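Chain residues, written in single-letter form:
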There are 4 protein chains.
Amino acid sequence: MVVVMAPGATDAEIAHVVARVASVGGNASVSKGIERTIIGLVGDIDSFHGLNLRALAGVADVHRISDPYKLVSRQHHAERSTVWVGPASHQVPIGPETFTFIAGPCAVETAEQTIEAARMAQGAGATILRGGAFKPRTSPYAFQGLGVKGLEILADVREATGMPIVTEVVDARDVAVVAEFADMLQIGTRNAANFGLLQKVGEAGKPVLLKRGMTATIEEWLMAAEYIAQSGNLDIVLCERGIRTFEPSTRNTLDISAIPVVQATSHLPIIVDPSHAGGRKDLVVPLSKAAIGVGADGVIVDVHPNPEEALCDGPQALLGNDLRELAQAVRRLPAAVGRVDARERERRA
Amino acid sequence: MVVVMAPGATDAEIAHVVARVASVGGNASVSKGIERTIIGLVGDIDSFHGLNLRALAGVADVHRISDPYKLVSRQHHAERSTVWVGPASHQVPIGPETFTFIAGPCAVETAEQTIEAARMAQGAGATILRGGAFKPRTSPYAFQGLGVKGLEILADVREATGMPIVTEVVDARDVAVVAEFADMLQIGTRNAANFGLLQKVGEAGKPVLLKRGMTATIEEWLMAAEYIAQSGNLDIVLCERGIRTFEPSTRNTLDISAIPVVQATSHLPIIVDPSHAGGRKDLVVPLSKAAIGVGADGVIVDVHPNPEEALCDGPQALLGNDLRELAQAVRRLPAAVGRVDARERERRA
Amino acid sequence: MVVVMAPGATDAEIAHVVARVASVGGNASVSKGIERTIIGLVGDIDSFHGLNLRALAGVADVHRISDPYKLVSRQHHAERSTVWVGPASHQVPIGPETFTFIAGPCAVETAEQTIEAARMAQGAGATILRGGAFKPRTSPYAFQGLGVKGLEILADVREATGMPIVTEVVDARDVAVVAEFADMLQIGTRNAANFGLLQKVGEAGKPVLLKRGMTATIEEWLMAAEYIAQSGNLDIVLCERGIRTFEPSTRNTLDISAIPVVQATSHLPIIVDPSHAGGRKDLVVPLSKAAIGVGADGVIVDVHPNPEEALCDGPQALLGNDLRELAQAVRRLPAAVGRVDARERERRA
Amino acid sequence: MVVVMAPGATDAEIAHVVARVASVGGNASVSKGIERTIIGLVGDIDSFHGLNLRALAGVADVHRISDPYKLVSRQHHAERSTVWVGPASHQVPIGPETFTFIAGPCAVETAEQTIEAARMAQGAGATILRGGAFKPRTSPYAFQGLGVKGLEILADVREATGMPIVTEVVDARDVAVVAEFADMLQIGTRNAANFGLLQKVGEAGKPVLLKRGMTATIEEWLMAAEYIAQSGNLDIVLCERGIRTFEPSTRNTLDISAIPVVQATSHLPIIVDPSHAGGRKDLVVPLSKAAIGVGADGVIVDVHPNPEEALCDGPQALLGNDLRELAQAVRRLPAAVGRVDARERERRA
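The following paragraphs examine the structure supplied in this document. (Residues numbered from 1 in each chain as written. Chains lettered and ligands numbered in written order. Predicted model: local features only at pLDDT ≥ 70, side-chain atom pairs only at ≥ 80, totals over all residues. Heavy atoms only, no water.)

**Notes on the interface of chain A and chain B**
Here is step 1 of the chain: Contact residues are listed per partner, giving 42 residues for chain A and 43 residues for chain B.
Here is step 2 of the chain: A combined buried area of about 3,500 Å² lies between chain A and chain B, and 50% of that area is made up of carbon and sulfur atoms.
Here is step 3 of the chain: In this structure, the connection of chain A to chain B is made through two salt bridges.
Here is step 4 of the chain: We note a salt bridge from E220 of chain A to R244 of chain B, for which the minimum N-O separation is 2.6 Å.
Here is step 5 of the chain: Linking chain A with chain B are five residue pairs in polar contact (both at pLDDT 80 or more).
Here is step 6 of the chain: Mapped onto the side of chain A that touches chain B, the elements with two or more residues apiece are α1 (11-23), α6 (195-202) and α7 (218-230) of chain A.
Here is step 7 of the chain: With five residues, α7 of chain A is the largest single contributor of residues to the side of chain A that touches chain B. (Contact = heavy atoms within 4.5 Å. Buried area = accessible area lost by both parts, 1.4 Å probe. Salt bridge = Lys/Arg side-chain N within 4 Å of Asp/Glu carboxyl O. Polar contact = N/O pair within 3.5 Å; in protein donor to acceptor, adjacent residues only side chain to side chain. Helix = DSSP H or I, 4+ residues; strand = E, 2+ residues; numbered from the N terminus.)

What follows is the structure in structure tokens.
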């Protein structure tokens, strides 16, 4: 930590900062400049937070130097992690050597629609099925999901297809029931700072797919992962799904740079959601290819057998030609960037 | 609603849109332009949402014309509302005729600190006490609040000062206990899209202070209020507390325009939180004056008897001279813009 | 300046940084922490920039500590400045003791429209006339302004009303002719980083009204002012006019906090443009009052005798009742925050 | 265009809108809804702009339906364009079938540094040389470029290497001299709304590389291209270089979605600048691969023989291993997405 004193800070004010730091066992090294004095702090950073240094007289600014997250950082866990999803017999990896394709309907509407979407997804090369049973909707007047009934449909479809399922949990009170059915619990963008839910999900003993808050910095996102990790679960996969910016032509702006930035600082796997980022089906294929190019560990994509009838996010669901093009890209491109697709890996194993 | 067809849309595609609209009892009026055709929809808007028009072939765009919220809109409730906070004997209004000053510590730390902060607040003219017992913190390593113990302290301080209390609830499972102690339930910026919590709070039978999500559009914010209203509670006060932008010199950017924009479309009272918007104590007084000038119905401000020791947001807590200046502004300025301060109103009553 | 070394930085890398700093006469003070080493630099900051420290091996980050601007900073010019606009006989102040009301049409269209708008403005209390002769338009198909003909109209209106005029210059090649007619040169938001134009305007010998770039940080904005100051002209008035954010209900988001933030770091006067910030005429009055409340040194407002016929930004031009309400606010409110309105000041003098 | 009337608009107000539209030869089709009336306009859109419909009584909103740009739109020019850069003997294409690699130093500093950087670039597969002679710098105290001397160095290096050169022009007064030396004129991000410069560059008879304004929407960017096209030059290549957002870990946020969005609406080629988008050399390779994956027509990258000594943007210049990895990616990946690299194309020709 570095404390920057205001231009006119007095010697007494500087001494007060040094004394406060010493009071918690820290060491303060003072550099007096022509215009300003800066004080470097050495010691236990957590103890410095309690000092509230920014509120001391004469202090202009306090710069944090090291990352605030620990368990999810690469600093003490240099190798990038692989998270395995699904029952022992069908485990699918998400990690640095493979490229994992997750697909399915935005919302589970009926058993027929779900199995049909799952077959489409599987035919295109997907190895994990996504599908929402509990939907967080910005309007209280919109379809809110089938709830437990939807979870049962997903379990049946897993039975039929062999695909592990990932589904969202939106309320801490639902974690137990969702964990009973699902292979992976998803935290959606609107709950990225719902700390009670993050902790509860961390205790559920299932891998977690943590979407980035649409307005979260990368550091805040990793702190959200730290909440889950704190509860004893390091099987966390991050998912970049676009951030809110001024550009209106896409629903959100896919922050493609977040992939290498996260990979440089955290050991957790990271995938991309091109469907929700763009909100337009014509962007799903190019953004998926961008994700492969940039080195993401997978993609998660909306598919629907009949988007015109979809109860949720129909405009971005893929079908027909686009899905074939995506299937082809997922089959070929990962190899060109040194990856194996997850299906290939299963085949080899 | 207006459907904009793509430049090359065929007659069959146009006819299909018209037929879909008719299928739910709507009426579609087609205007063929030189380059594009636009179709105006007349009928029940909610039924049109289910049509997923954006997914139909030949459709380029769909513009919603009317507001998606109803209960909180001024459209059918033209007069601006007043929300009364506190027990019948000490009710404090927040609404269009008064200017209400809410103040207190960011977090309840001890009984002494809380009563001292309350006395400071009251001395400066505040009529409602704020104070956090449950704190949502971005770091799992930060102070999380005293919980129920904090609520008990707040109740004691209300007893001692006569000030109604507003405190945050961060988890749907805590709503009942918080509602038992508090006079007004606060939804914080990080829970602005936590729909389960919004509904639960709406059912608790106490007025609600709904902070804007730091990344929520005004429309999304009003939709969050609609969630609460849907649960049967219209005693909602909105609180603008800054949005996330690219400007780094303030923690958030106070969207001062939101006050008149909200007042033009919703009947709910709206106040400003200058402490969290700026994150700097030197901005609290000028931003409070801006809030009075723009026509806000009140402000909510952090005060702490000893910011240097604060466990939460010390850098933005007011003290000494600044608090005196704020007290003076709150006493004088509202009258200059046609308002009465809430204390004055009590006195007159 | 503070150099933060990467966690695994070697002693040789640290020594290399120290040596580079010493090579330009600086002094480096090394603090070795448990996880990281930080190096505080003391000496001539400008010489450190040439070192490109961020590119050195082992360097994780470089934090600038002091402000990059000098001439416009309060650091060596603690007292806030007043800029005087207009010929000696009619000089109008913009500065910390007064509140200056500038108004006029967005674009000069005809002599009649301009004189009529000027009379409206003057009647409402404005003491400086604004009006665009050269217009920067995002569409090449939009009205681009009358050019020199417009300047002549403005000069005639000044003659008739006695109001000094401020008008925009959009191209370095036009600076001389605009300076010949105008009393104050305006740099618009789209030219806030047009450094050639800034320098040229700085040399023109007339006060400058520098609008904030719609996407400029406050620091970048002050650096733009520094460009003008570098050319020998410190008669600069800053104008906050809204920044680009995700909120769609206003054209830009007025960053009201920028007023006290700028006033704390720069001695230059700062005013607010509520018309362009909101882009809606119903927001002009409340935002002007917010500007007065927050402590701005003035406002600049669009008025048009017949907005329906305006060739530019008609929807935000004030008329009738709104203008009367604004006139009243400008007459009364500044006194309530310790200011004199500029007309009053003239009267007293 | 669609005019949306306010909920309480009167029949007279509706009739007035219809009459105004008719007065310029347009046709207005009125749809009366339960809550609102909407009016679809058919006719010459440009004539409607002059009507200032938004300022009419009873009008709540006006939605533009068609794109405001024409010459750069795919609407009347469906096939994507190829722009050829360089003298007839060494022409390099930028367009839909190839992938063009442009590289060179951020700033031209000396003849030695420039030729060395050019050799590095060429060795890695680049076919066009970039290099700045006129630099727009946010600080008046930073290196501003060598000017004409820099242009002469670039011309010598072109002579020596055979690579066409692209260099920035920052002032309308310099267009003639830059056009004399350069093969392609670059408009930088800070000049994206400098309309006088855009027009001047459009008249210079050389291809133009138009960077996106860091805060420009895609529509505004295409309008800037329209300015150039209006001056008679359609040899425009767009360059996405990151937009300003709240995320601090990268200098800007690369808007990778802009590539397919632009390709869907404009026929102009579009490339990516991964160096300035991220501002970090560790991101250049992954972002370049993302650009190839998403379907960009090329990349433009900073290289410097000795970044530690660079006078401009040293931290993001590539060298050694990274450049080799980029070279390999540019050689192999484009084929995997159906592209030929521009060098390959030259070889085949």
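**So, the interface of chain D and chain A**
Here is step 1 of the chain: Listed by partner, the interface residues are 32 residues for chain D and 32 residues for chain A.
Here is step 2 of the chain: Both faces considered, chain D and chain A share a buried interface measuring about 2,500 Å² in area, 73% of it formed by carbon and sulfur atoms.
Here is step 3 of the chain: Our count for the chain D to chain A interface comes out at two salt bridges.
Here is step 4 of the chain: Between E247 of chain D and R212 of chain A there is a salt bridge, with the nearest N and O atoms lying 2.8 Å from each other.
Here is step 5 of the chain: Taken together, chain D and chain A are joined by four residue pairs in polar contact (both at pLDDT 80 or more).
Here is step 6 of the chain: A class-by-class count of the residues in the side of chain D that touches chain A yields 18 nonpolar, eight polar and six charged. (Nonpolar A, V, L, I, M, F, W, Y, C, P; charged D, E, K, R; others polar.)

**Here's the deal with the pairing of strand β3 (residues 37-42) of chain B**
Consecutive side chains along a regular strand alternate between the two faces of the sheet.
All names here are of chain B.
Here is step 1 of the chain: With six of its six residues buried, β3 lies for the most part within the structure.
Here is step 2 of the chain: The pairing of strand β1 (residues 2-5) with β3 spans three bridges and is classified as antiparallel. Looking across to β3, one finds that V4 is bridged to I38.
Here is step 3 of the chain: In terms of strand pairing, strand β2 (residues 27-32) meets β3 through six bridges, oriented antiparallel. Bridge pairing links N27 to V42 in β3. (Buried < 20%, exposed > 50% of the residue type's maximum accessible area, 1.4 Å probe, protein only. Pairing = 2+ DSSP bridges.)

**A short note on the side chain of Q186 of chain A**
Here is step 1 of the chain: Take Q186 of chain A: it is sitting in strand β10 (residues 184-187).
Here is step 2 of the chain: In this structure, Q186 of chain A is in contact with V166, T167, E168, V169, L209, K211 and I300 of chain A, ignoring residues within four places of it in sequence.

**Observations regarding the packing of aromatic side chains**
Aromatic ring pairs are reported here in terms of the distance separating the ring centres and the angle at which the planes meet.
Here is step 1 of the chain: The full count for this structure, using the stated rule, is four aromatic pairs over all chains.
Here is step 2 of the chain: Ring centres of F195 of chain A and Y227 of chain A lie 4.6 Å apart, and the angle between their planes is 15°; this geometry places the pair in the stacked category. Residue F195 of chain A is found in helix α6, and its partner Y227 of chain A is found in helix α7; the two are separated by 32 residues along the sequence.
Here is step 3 of the chain: Y227 of chain A gets classed as buried once you look at its relative accessible area, which sits at 1%.
Here is step 4 of the chain: Its guanidinium or amino end placed over the ring of F246 of chain C, R244 of chain A lies 5.5 Å from that ring's centre, counting from NZ or CZ. (Phe/Tyr/Trp six-rings, centres within 6.5 Å; stacked < 30°, edge-to-face > 60°. Lys NZ or Arg CZ within 6 Å of the ring centre and 35° of its normal.)

**Looking at the relation of the copies chain D and chain A**
Here is step 1 of the chain: Structural alignment of chain D on chain A gives an RMSD of 0.0 Å, achieved by rotating through 180° and translating 0.0 Å along the axis. Such a combination of turn and shift is consistent with a two-fold rotation axis. For chain D, the minimum C-alpha distance to the rotation axis belongs to A290 of chain D and amounts to 2.1 Å.
Here is step 2 of the chain: In this assembly the copies share their binding face: 100% of the residues contributing to the interface of chain D also contribute to that of chain A. (Least-squares fit on C-alpha atoms with pLDDT ≥ 70 in both.)

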